[in-house]
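# Architecture at a glance
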Amino acid sequence: MKKIRSLFFGFFCLKTLINNFKLIVITMKKQFALLGLLLIAVVGYSQEVEEPSFYLLEGNILLEGMIGYSNDTDARSGADLSEYIINPKAGYLFGDDFAVGLDLSYQHTEESDDDTEKNIEETITAGLFLRYYFLDLGKRFKVYGELGGDYVKLEGGFESNTQKATGFQVGLNLGVNYFVKDNIAISFVLSDVANYRSLNNEAYYIGDDLVSEEGNTNSLNVDLNVFNNFFQTAQFGVMFKF
């Protein structure tokens, strides 16, 4: 009789232990489920607030539009000299630091004083550029040097007489892209830090007087003064990265 009671008591203890174990398992499942949901929420939130990537990577496409304007007075002649330029570009990164692309520009220069007609010059260029990003200043600033080669068409002179020329030029620019978002940057360019231009000029007359004969003119300019007159010489614009 005592053995039967011991057997029933053992069975009762085992059943109680199994029920408690099941309860513990169910509770742990709920806790793991809540923990999993919490982890999913944390990962999703971290992805939403993750800082944008300002990297330039191989395969990125760059679309950029630049404008520039300057106005100055010649100290000797007193003539007013004004200039503006529009410069769209499209490039492709074939490495993380190198880009190649197409470059177009239109430049209008006007010189005038109280005694003579306006001297107006218009220049159109089209060509290729090679850009090298050589310095990162923090995460958002990217500094580059750019070498460009362009076909040049120039037409200018006084309002009553114009001169035409065609040729080519090679120029070196320095610039900075500041990324306001991962795919949008503000651009600053110091143009024509160094420039070589070769033009084939047509004969130029004022009335019946020959002012300049047909021929070639070559010029080389290195203008380190751009660093002292930044806002007079710089171009500003916007770049989109795809």
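Calculation criteria
Residues numbered from 1 in each chain as written. Predicted model: local features only at pLDDT ≥ 70, side-chain atom pairs only at ≥ 80, totals over all residues. Heavy atoms only, no water. Salt bridge = Lys/Arg side-chain N within 4 Å of Asp/Glu carboxyl O. Helix = DSSP H or I, 4+ residues; strand = E, 2+ residues; numbered from the N terminus. Buried < 20%, exposed > 50% of the residue type's maximum accessible area, 1.4 Å probe, protein only. Lys, Arg positive; Asp, Glu negative; His and termini not counted. Polar contact = N/O pair within 3.5 Å; in protein donor to acceptor, adjacent residues only side chain to side chain. Contact = heavy atoms within 4.5 Å. Core = buried A, V, L, I, M, F, W, Y, C linked by side-chain atoms within 4.5 Å. Phe/Tyr/Trp six-rings, centres within 6.5 Å; stacked < 30°, edge-to-face > 60°. Lys NZ or Arg CZ within 6 Å of the ring centre and 35° of its normal.

This part is about the pattern of salt bridges. Here the structure, examined in full by the defined rule, presents four salt bridges. For the salt bridge of K89 with E146, the shortest nitrogen-to-oxygen distance reads 2.3 Å. Note that K89 is positioned in strand β2 (residues 80-93) and E146 in strand β5 (residues 141-158), a separation of 57 residues in sequence. Because the salt bridges share partners, they merge into one network encompassing E64, K89, R131 and E146.

Attention shifts here to the side chain of D150. Positionally, D150 belongs in strand β5. For the buried residue D150, which engages in no salt bridge, the nearest side chain bearing the opposite charge is R197, 8.1 Å off. Here G127 takes part through its backbone nitrogen, which lies 3.3 Å from a polar atom of the side chain of D150. If we skip the residues at most four places from it in the chain, D150 touches D103, T125, A126, G127, L128, G167, F168 and Q169.

Next up on the list: the nonpolar core. Grouped together as the largest cluster of nonpolar side chains are 12 residues: F54, L56, L62, M66, L93, A99, Y133, Y144, F179, A185, V189 and M239. Mapped onto this core, the elements with two or more residues apiece are β1 (61-73) and β7 (184-201). Residues in contact with Y144, not counting those within four places in the same chain, are E64, R131, Y132, Y133, F134, N173, L174, G175, V176, N177, F188 and V189.

Evaluation of the coordinates by the stated rule reveals eight aromatic pairs. Here the aromatic rings of F94 and F98 are separated by 5.9 Å at their centres, their planes lie at 25 degrees, and the arrangement is stacked. A centroid spacing of 5.3 Å and a plane angle of 65 degrees characterise the contact between Y133 and Y144, whose relative ring orientation is edge-to-face. You can see Y133 sitting in strand β4 (residues 119-137) and its partner Y144 sitting in strand β5, a full 11 residues away along the chain. On the basis of relative accessibility, which here comes to 5%, the residue Y133 falls in the buried class. Residue class for Y144 comes out buried when judged on its relative accessible area of 1%. The lysine or arginine in question, K89, covers the ring of F129, its NZ or CZ lying 5.4 Å from the ring centre.

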